[in-house]
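In case you want the letters, here they are:
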Amino acid sequence: SESSSSSSAAAAAAAAAKEHRDDSEVWDRFSEWLKLCGIEPAARGFPVEVRKTPSQLQSSSSSSSSGSNSSSSSAGFGLFATRDIDYGETVLEIPVPVMLCPYFEHRLMNGEDSAPPPPPPPPFDPNRSAEEDAPMKPLCLVMMIANERWKGERSKVRPYLDALPSTYSTPLYWSRGSVLELYRTDHLKRAVSLQMITVWEYLQMRDLLKRTHAERAASAEVGKKGGGDGDGDGDGDNDAETATMDDDDLIPVESFTYELFRWATAASHTRQNLIPYFDRSVGKKGAGGSDAVAVAASYGAEDVRQAYGLVPLWDMMNHEDTDRACKSDVSMIDPGDDDDDDDENNGKEGSPPRQGVLVCRTPAQPNSNKGGDADGDDDIGDNADAHTGKAPCFRKGEEIKMYYGDRSSAQLLFHSGFVHGGGGGRRRRTSSSSPRDDAGTTTTAAAENLNRNDRAVIRIALPNMECTPGLDRIREMLAAKFGFRAYGDQGGGVGGSGSGSGSAVVRPHVGMVLAQEAASILGGTHETNRKREEVILTDVSVSPREARSDELRRALLLCLGDRDELTHLLRNADRYLAPKKLEDDSAAAAAGKNNGDGGIDDDLLELGEKHRRLVARIVEGTRERYDAAAAAVAASKRENAETISSRTERSGAAATEGLWLDETYARTLVDDLAYCDRITLERWHDAFVSTF
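Re the overall build of the chain
Each helix and strand counted, the chain has 20 helices and 16 strands in total. Buried residues in the chain amount to 49% of all 692 residues. Considering only residue pairs separated by 6 or more positions, the chain has 75% of its internal contacts joining residues 24 or more positions apart. In the structure as shown, the chain presents an accessible area of about 31,200 Å², 49% of it carried by carbon and sulfur atoms.

Right, here's the structure in full:
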């Protein structure tokens, strides 16, 4: 069939790409491409080079082949220091015109003739308003990546695409068995939704491609009958100034496979960055012709737009959550502006004019002279310079790392394909992980969560007691304002999902349990009178750094509010939804604004003992769910060992072909995520209790 042949072709292409990525010629071509773009590190004087990260993967029957689904000897790639790099030093500068984005022309895509380059593939549409276009920008980037991949040798960015991983370890590449492992966490629904949305988007884009090809064929036919040139204007002249995408430049429907779209989606999700650029549609203002500098000089600050794009070379930097990790920012600089004395390359002969530049720097020198050595201890150690007594930020030969931002472990897994930490006594990813290349170093070490900015999720459900139907209706009205949602009991399991084959225990819907906890604290019994055994709940993100968030406060006050408190919340809902107003009112209340008459309408509500008790029960229940889920999974594996072994063998073969991630490795990622979630939840709970 067409689908099976397409899958086989995609698997063969993935395997070929994987082999090419281990070929030195791929990196030689990539280096030459960087020179053409004007960003080759040695030529620009940047103190970095691309190298393979050392592999410390333990080869065993219980460990995955590697994050990149290749042999255990392979590893990812990263940027390494070619000399000692100090604090506060620029590591890279990447001009916006060499970034891959559908909303502006790549420097190498401008042809030598007068004809402009073809426009990006659909769904890109320059005639859409900014409001209509905003939700389409991520898909525009995905389709551009897929289309350039399909072009092969004809693509001006092929050397860059060949240097990208052929597969990824995000849940997009997880088999059904791997996704079900997330049953042990609160992220199963998210993984299923991600895969479903990606399939839906693929079908939508496939249908759009069919329509686009059909419209172009019809337009070409009309042009031929009218003696025209096929560009639709009937003048017989192929307008050089009109950029059109021929069928030769647009991927055929039969070549647009799900495997290609999934790869482009994963590449975009793991590497994309929001890039500011000058909107070409408004850069007229009297500057005409092909003089890019003159045209750009007509732009103003109001003409700056933002879109998602890929940043070559910069996107090879791997993650590290330490004080020495590099930070990046994008500055808009008018092309031809030679007044920037801080940039020694700006204004040099042969230096390309810039519309904007992404600058990656090491952080400022710490206040102390301890130097921030790599092991994070207090001494300078061997990292210190013998003359100055201060250590550089990165030593020559060290891999240069970047901080990806304030992301939870779940966000890192879903967007980058790794977990920054893990359980003790087995393989775990360390701070030397290579998430963008999905092949990181591992080690056997004590249990540790290396994500200092981790966040966990707790679920809070509304009680529903038949003795207080009026109050329940008020709660439901407020719940709609406060972001709660209604869920139906689907027959047990964590989050309403069954544990799959082999599970001997069917547990109540987690929302029902949470609702019963809230009702018991209020002194009643949860007796639902909603249709289909519905429960109304919300997921609240919590962090040890923020013991009492506005979202948490609203949810707890709503769940355990008595008649007077609910009346107050109903009257003052907008105050609780505006964090700044809430902060000001709380400060005023703390300053003694309370009139002391016992009326709660004059002051904002504060959390009390009953809220602390509910949180304690929620946290304990979450621990029990995690433990019960892990036990159920273990029991299922024992009961179905032969089936699982066969499935794992098939998974390994599929992983070798690049179809999905090895299930053993996916299971390790779930173990790490569950551990980090639990540690973060416990740390947050300790911080929350300390506020009382």
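The rest of the description comes next.
Quick word on the confidence of the model for the chain
Per-chain confidence: the chain averages 73 in pLDDT, with 62% of residues scoring 70 or above. Low confidence marks residues 334–354, where pLDDT is under 50. Its contacts with residues over four positions away, or in another chain, come to 28 contacts. The model gives residues 424–446 a pLDDT under 50, and that stretch makes 113 contacts with residues more than four places away or in other chains.

Some details on the pairing of strand 16 (residues 534–542)
Moving residue by residue along a regular strand, the side chains alternate between the two faces of the sheet. Counting buried positions along strand 16 gives seven out of nine residues, so the element sits mostly inside the fold. Pairing geometry for strand 14 (residues 456–461) and strand 16, over six bridges, is antiparallel. Paired with I458 across the two strands is V540, which belongs to strand 16.

A short note on the packing of helix 5 (residues 137–151) against helix 9 (residues 258–271)
A packed helix pair is summarised by two numbers, namely the angle formed by the two axes and the spacing between the axes. Relative orientation of the contacting elements helix 5 and helix 9 amounts to 125°, with a least axis distance of 8 Å. Viewed along their axes, helix 5 and helix 9 adopt a mutual orientation that is oblique. Handedness of the helix 5/helix 9 crossing: right-handed. Residues L139, L141, V142, M143, I145, A146 and R149 of helix 5 form the contact with helix 9, whose own contacting residues are L260, F261, W263, A264, T265 and S268. Considering only residue class, the contact of helix 5 with helix 9 consists of ten nonpolar, two polar and one charged.

With respect to helix 5
Over its 15 residues, helix 5 extends 21 Å from the first C-alpha to the last, a length consistent with the 21 Å expected when each residue adds 1.5 Å. For helix 5, the tally of buried residues reaches twelve of 15 residues, placing the bulk of the element in the interior. Downstream of helix 5 by a residue or two, G152 has a phi angle that is positive, lying close to 65°.

Looking at the environment of R683
You can see R683 is positioned in helix 20 (residues 663–689). Sequence-wise, R683 and S543 are 140 residues apart; in three dimensions their C-alpha atoms are separated by 8.1 Å. Leave out the neighbours within four places in its chain, and R683 touches N449 and P544.

Regarding the packing of aromatic side chains
By the definition in use, this model includes 14 aromatic pairs. With a centroid separation of 5.9 Å and 50° between ring planes, the pair formed by Y202 and F261 is classed as tilted. Pair noted here: Y202 is in helix 8 (residues 188–225) and F261 is in helix 9, with a separation of 59 residues, a long-range link. Comparing Y202 with F261, the two get one shared label, buried. Aromatic side chains F688 and F692 sit 5.2 Å apart centroid to centroid with 70° between the ring planes, which places their arrangement in the edge-to-face category. F692 gets classed as partly exposed once you look at its relative accessible area, which sits at 39%. Each member of the aromatic cluster is reached from another via a ring pair, and the members are W27, F30, W33, F77 and Y160.

Digging into the pattern of salt bridges
What the rule picks out here adds up to 31 salt bridges. Its salt-bridge partner being E546, residue R455 comes within 3.9 Å of it at the nearest N-O pair. Here the residue R455 occupies a position in the loop between strand 13 (448–449) and strand 14, and E546 occupies one in the loop between strand 16 and helix 14 (550–559), the gap between them amounting to 91 residues. When its relative accessible area of 37% is taken as the criterion, E546 is described as partly exposed. The closest approach of N and O atoms between E606 and R553, which form a salt bridge, is 3.2 Å. Here R553 lies in helix 14 and E606 lies in the loop between helix 17 (579–593) and helix 18 (609–639), a separation of 53 residues in the sequence. Given the relative accessible area of 10%, R553 is considered buried.

Section: the side chain of N453
Residue placement: N453 occurs in the loop between strand 13 and strand 14. Relative accessible area serves as the criterion here: at 13%, N453 is assigned to the buried category. A polar side-chain atom of N453 sits 2.4 Å from a polar atom in the side chain of Y403. A distance of 3.2 Å separates a polar atom in the side chain of N453 from a polar atom in the side chain of R545.

A word on helix 14
Of all ten residues in helix 14, eight are buried, a share of seventy percent or more. For helix 14, the complete set of buried residues consists of L552, R553, R554, A555, L556, L557, L558 and C559.

Some remarks on unusual backbone geometry
At the junction of P122 and P123, the peptide bond is cis and its omega measures out at 20° in the coordinates. For P123, the position within the fold is in the loop between strand 3 (90–95) and helix 4 (130–133). A positive phi angle is found at L313, which is not glycine, with a value near 75°.

Focus on the environment of C140
Residue position: C140 is located in helix 5. Here C140 falls in the buried class, since its relative accessible area comes to 0%. Once you skip the residues sitting within four places of it in the chain, C140 turns out to touch P102, Y103, P123, F124 and R128.

Cut-off values and rules
Residues numbered from 1 in each chain as written. Predicted model: local features only at pLDDT ≥ 70, side-chain atom pairs only at ≥ 80, totals over all residues. Heavy atoms only, no water. Helix = DSSP H or I, 4+ residues; strand = E, 2+ residues; numbered from the N terminus. Buried < 20%, exposed > 50% of the residue type's maximum accessible area, 1.4 Å probe, protein only. Contact = heavy atoms within 4.5 Å. Areas by Shrake-Rupley, 256 points an atom, 1.4 Å probe, with all protein chains shown as cover. pLDDT = per-residue confidence, 0-100. Pairing = 2+ DSSP bridges. Axes fitted to C-alpha atoms, helices over the stretch in contact; angles between N-to-C directions. Parallel < 35°, antiparallel > 145°, perpendicular 65-115°, else oblique. Left-handed = near helix turned anticlockwise from the far one by under 90°. Nonpolar A, V, L, I, M, F, W, Y, C, P; charged D, E, K, R; others polar. Expected span 1.5 Å × (residues − 1). Phe/Tyr/Trp six-rings, centres within 6.5 Å; stacked < 30°, edge-to-face > 60°. Salt bridge = Lys/Arg side-chain N within 4 Å of Asp/Glu carboxyl O. Polar contact = N/O pair within 3.5 Å; in protein donor to acceptor, adjacent residues only side chain to side chain.

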